[in-house]
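Chain residues, written in single-letter form:
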Amino acid sequence: MTVRQPHPIEVRSYEILRSRVDLSPMPPLWRAVAERVIHATADLEYAVDLLTSEEHLRQGWAALHGGAPIVTDEGMVAAGITARETVCHAADPAAARMARAAGITRSAAAVRLAYSEVGPGAVWVVGSAPEAIFEIIERRVTPALVVGMPVGFVGAREAKEALRASGLPQLSNVSEKGGSAVAAAAVNALLYYEAGPGETGRREPGRYEPGHREAGHHEAGHHEAGRP
């Protein structure tokens, strides 16, 4: 993965958010995820809304940097993850046919198709469809990590609660907030995080350098975050 200098807008965005909220007590990967989500949304409440464990994030980080597949529930999440190709069957006509035949939602059918393609050990990313989270749990896909951050007033909070109760390695949030930009930002944080010598997904918080991506790209739905 190519390391580059972050765009000046991104640098300034991180300066602003660090002046407004102190995330230094967080473990390094959790802080990296929280900062990038806040950077992508300009929403400081994510500092206390995210729920995960450093162990789960280390597992996801190791899987991603070992080449594990990334499965997304929709094209907008896939579009926001610019450093890697992803698997997404949301728009696959086969998902629509399976949904009709099995009497399930298209999102659930897309999960089944993706699992038949990638098998165990993938990183699953849900930014839109609560049904995808329930299907991931029911299918027992043995994920490296599930990033479950669907947005909405119907089913989103319940799906995230179910994910946390499932015992699967996960990153989620408590509220109804979320969405494609948030889910993509969380995955990007893990993709761009670099471990120092002798580390395994660990780094001192103050040494985290945001933004290992091509200049000018932003998470889906994010435009020059941090501008006053």
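Per chain, residue numbering runs from 1 following the sequence as it is written. At least 70 in pLDDT is required for a residue's local features to be given in this predicted model, at least 80 for side-chain atom pairs to be given and counted, and no such filter applies to totals for whole chains, interfaces and linings, which use all residues. Each side-chain value is worked out from all heavy atoms of the structure, with water and hydrogens disregarded.

Trainee: Any chance you could explain the overall build of the chain here in plain terms?
Mentor: By definition, any uninterrupted DSSP run of H or I lasting at least four residues is a helix, any uninterrupted run of E lasting at least two residues is a strand, and each is numbered from the N terminus. Scanning the chain for helices and strands turns up 10 helices and 5 strands. Relative accessible area decides the class of each residue, using a 1.4 Å probe on protein chains only: under 20% of the type maximum gives buried, over 50% gives exposed, and in between gives partly exposed. Taken over 228 residues, the chain has a buried fraction of 52%. Contact definition: two residues touch when any of their heavy atoms are within 4.5 Å. A separation of at least 24 residues holds for 62% of the contacts in the chain among residues at least 6 apart in sequence. A total of about 10100 Å² of accessible surface is found on the chain, and carbon and sulfur atoms cover 53% of it. A 1.4 Å probe and the Shrake-Rupley method give the accessible areas. Residues count as covered only by the protein chains that appear here.

Trainee: What should I look at first to understand unusual backbone geometry in this one?
Mentor: Leaving glycine aside, a negative phi is the common case for residues, and trans is the common case for peptide bonds. In this structure, Ala 42 is a non-glycine residue whose phi angle is positive, near 55 degrees. Within the secondary structure, Ala 42 is located in the loop between helix H2 (28-41) and helix H3 (46-49). Accessibility expressed as a relative area gives 63% for Ala 42, which makes it exposed.

Trainee: Whenever I open this one, helix H8 (residues 130-139) confuses me. Can you help?
Mentor: Counting along an α-helix, one turn takes 3.6 residues, and residues three or four places apart therefore face a common direction. Restricting attention to buried positions, one finds in H8 the residues Pro 130, Ala 132, Ile 133, Glu 135 and Ile 136. Contacts made by the buried residues of H8 are with helix H7 (106-118), strand E3 (123-126), strand E4 (145-148) and helix H9 (156-166). Following H8 by one or two positions, Arg 140 adopts a phi angle in the positive range, close to 55 degrees.

Trainee: How should I be thinking about the pattern of salt bridges in this particular structure?
Mentor: Oppositely charged side chains may form a pair once their charged atoms are brought near each other. Here, a salt bridge means any side-chain nitrogen of Lys or Arg that lies within 4 Å of a carboxyl oxygen of Asp or Glu. Applying the stated rule across the entire model yields 9 salt bridges. Here Lys 177 and Glu 45 are joined by a salt bridge, their closest N and O atoms 3.2 Å apart. Here Glu 45 lies in the loop between H2 and H3 and Lys 177 lies in the loop between strand E5 (170-173) and helix H10 (180-192), a separation of 132 residues in the sequence. Looking at Glu 45, the relative accessible area reads 52%, which means it is exposed.

Trainee: Explanation requested: the packing of aromatic side chains in the structure shown.
Mentor: Geometry of an aromatic ring pair is reported as the spacing of the ring centres plus the angle between the planes. Centres within 6.5 Å make a pair out of two Phe, Tyr or Trp rings, where for Trp the six-membered ring is used; the pair is then stacked when the planes are under 30 degrees apart, edge-to-face when over 60, and tilted otherwise. Taken as a whole and judged by the stated rule, the model has 1 aromatic pair. Seen in terms of ring centroids, Trp 61 and Tyr 193 are 6.5 Å apart; in terms of plane orientation they differ by 85 degrees. Their pairing is edge-to-face. Placement of Trp 61 in helix H4 (residues 54-65) and of Tyr 193 in the segment after H10 is noted, with a sequence separation of 132 residues between them. Take Trp 61: its relative accessible area is 12%, and that puts it in the buried class. Definition used: whenever NZ (Lys) or CZ (Arg) falls within 6 Å of the ring centre and also within 35 degrees of the ring normal, the charge is taken to sit over that ring. If you follow Lys 177 out to its NZ or CZ, it ends over the ring of Tyr 46, 4.4 Å from the centre.

Trainee: I tried to follow the environment of Val 118 on my own but got confused; where do I start?
Mentor: Tracing the backbone shows Val 118 in helix H7. Taking the C-alpha atoms as reference points, Val 118 and Ala 68, 50 residues apart in sequence, are found 8.9 Å from one another. Residues within four places of Val 118 in sequence aside, it is in contact with Pro 69, Val 71, Val 87 and Trp 124.

Trainee: Please clarify how the pairing of E4 should be interpreted in this entry.
Mentor: Looking along a regular strand, one sees side chains alternate from face to face of the sheet. Of the two faces of E4, the one lined by Leu 145 and Val 147 and the one lined by Val 146 and Gly 148 are each fully buried. Examined bridge by bridge, E3 and E4 share 4 bridges and lie parallel to one another. By the bridge assignment for E4, Val 123 is matched with Leu 145. Orient the strands so they point away from the viewer, and a crossover whose first-strand-to-second-strand path over the helix runs clockwise is right-handed. Running through H8, the crossover from E3 to the neighbouring parallel element E4 is right-handed. Strand pairing is assigned whenever DSSP detects at least two bridges linking the two strands. Pairing analysis gives 3 bridges linking E4 to E5, with the strands arranged parallel.

Trainee: So what exactly am I meant to see when it comes to the nonpolar core here?
Mentor: Taken as a class, soluble globular proteins show a tendency for nonpolar side chains to be buried jointly. What makes a nonpolar core is a set of buried Ala, Val, Leu, Ile, Met, Phe, Trp, Tyr and Cys residues whose side-chain atoms join them at distances within 4.5 Å. Judged by nonpolar contacts, the single largest core of 42 residues is most densely connected at Val 33, Val 125, Val 147 and Val 187. Elements that contribute at least two residues to this core include exactly helix H1 (8-20), H2, H3, H4, E3, E4 and H10. In this structure, Val 33 is in contact with Leu 50, Leu 57, Leu 171, Ala 186, Ala 189 and Leu 190, ignoring residues within four places of it in sequence. Grouped together as the second largest cluster of nonpolar side chains are 17 residues, Val 71, Val 111, Ala 122 and Val 141 included.

Trainee: Even after reading the chapter, I still don't get the sheet that holds E5, so can you show me in this structure?
Mentor: Strands pair in a sheet through their backbones, by hydrogen bonds, and they do so in one of two ways: parallel or antiparallel. Strand order across the open sheet formed by 5 strands is E1-E5-E4-E3-E2, with mixed pairing between neighbours. Single-partner strands in this sheet number two, and they are strand E1 (50-51) and strand E2 (70-72). H8 rests against E3 and E4 of the sheet, and its axis sits at about 150 degrees to E3. The convention used is that axes are lines fitted to C-alpha atoms, helices contributing only their stretch in contact, and that angles between N-to-C directions extend from 0 to 180 degrees. H10 contacts E2, E3, E4 and E5 of the sheet and is inclined by roughly 145 degrees relative to E4.

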